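Notes for the structure review
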Amino acid sequence: QVELVESGGGLVQAGGSQRLSCVASGIINRINAINWYRQAPGKQREFVGSLSCGGSTAYADTVKGRFTLSRENAKNTVYLQMSSLKPEDTAVYYCNAAMKFGLEYWGQGTQVTVSS
């Protein structure tokens, strides 16, 4: 089992930056990738970005060039650095662990609100 805890959300002005953290605990050596998703009010959850255990990254077109994923292995933490934020980035952001045997785990989410 894996537990994920997100933090770093809050209120930020448009054009500003915010860094989200996802701390993983448990059987983290079986994690294939850490993914970030977001869900805005009234909308479906959507993919934001992915960081594989090998270090490869992928981003949704809507955030490419503005968001960056990184990790700090000593702290079992993946960061989502968000810059040039827009009001449409307002959402609850979720951390997801995709495991090597098809399972996945989710964090509780952290709210990011971008004011115009």
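Everything discussed here concerns the structure shown above.
Heads up: these notes are all about the structure in this document.

Scoring rules and cut-offs
Counting starts from 1 at the beginning of each chain's written sequence and moves along it residue by residue. Side-chain atom pairs in this predicted model are given and counted only at pLDDT of 80 or more, local residue features only at pLDDT of at least 70, and totals for whole chains, interfaces and linings cover all residues. To obtain the side-chain values, all non-hydrogen atoms of the structure were used and water was disregarded. Strands here mean DSSP runs of E at least two residues long; helices mean DSSP runs of H or I at least four residues long; both are numbered from the N terminus. Exposure categories follow from relative accessible area, calculated using a 1.4 Å probe and restricted to protein chains: below 20% of the type maximum is buried, above 50% is exposed, and the middle band is partly exposed. Any two residues whose heavy atoms approach within 4.5 Å at even a single point are treated as in contact. We get accessible surface area from the Shrake-Rupley algorithm with a probe of 1.4 Å; when it comes to residues, only the shown protein chains can shield them. We score Asp and Glu as negative and Lys and Arg as positive, and we do not count His or the chain ends. Taken as the charge centre is NZ of Lys, CZ of Arg, CG of Asp or CD of Glu, depending on the residue. Two strands pair under a simple rule: DSSP has to find at least two bridges between them. Axis definition: a line fitted to C-alpha atoms, over the contacting stretch in the case of helices. Angles run 0 to 180 degrees between N-to-C directions. Within this document, salt bridges are pairs made up of a side-chain nitrogen of Lys or Arg and a carboxyl oxygen of Asp or Glu, the two lying within 4 Å of each other.

Points about the overall build of the protein chain
- For the protein chain, the helix and strand inventory stands at zero helices and 11 strands.
- Overall, the protein chain shows an N-to-C arrangement of helices and strands of β-β-β-β-β-β-β-β-β-β-β.
- Burial statistics for the protein chain: of 116 residues in total, 39% are counted as buried.
- Residue pairs at least 24 apart in sequence account for 52% of intrachain contacts in the protein chain once pairs closer than 6 positions are excluded.
- Accessible surface computed for the protein chain: about 6200 Å², of which carbon and sulfur atoms make up 48%.
- With 11 positive and 8 negative side-chain charges, the protein chain shows a separation of 4 Å between the mean positions of the two kinds.

Topic: the sheet that holds strand β8 (residues 77-82)
- Strand order in the open sheet formed by four strands is β1-β3-β8-β7, and the pairing between neighbours is antiparallel. Of all strands in the sheet, those with a lone pairing partner are β1 (2-7) and β7 (67-72), marking the two edges. For this sheet the average axis-to-axis angle between neighbouring strands, irrespective of direction, equals 20 degrees.
- Where β1 meets strand β3 (residues 18-26), six bridges bridge the pair, whose relative direction is antiparallel. Counterpart to Glu 3 in the pairing with β3 is Ser 25.

Describing the pattern of salt bridges
- Scanning all chains against the criterion turns up five salt bridges.
- For Arg 38, the salt bridge is made with Asp 89, and the minimal N-O distance between the two is 2.9 Å. Of this pair, Arg 38 sits in strand β4 (residues 31-39) while Asp 89 sits in the loop between β8 and β9 (91-99); the two residues are 51 residues apart in sequence, bridging distant segments of the chain. With respect to class, Arg 38 is no different from Asp 89; both count as buried.
- Between Glu 72 and Lys 75 there is a salt bridge, and its shortest N-O distance comes to 3.9 Å.

The values reported here are purely geometric and, on their own, carry no functional implication.
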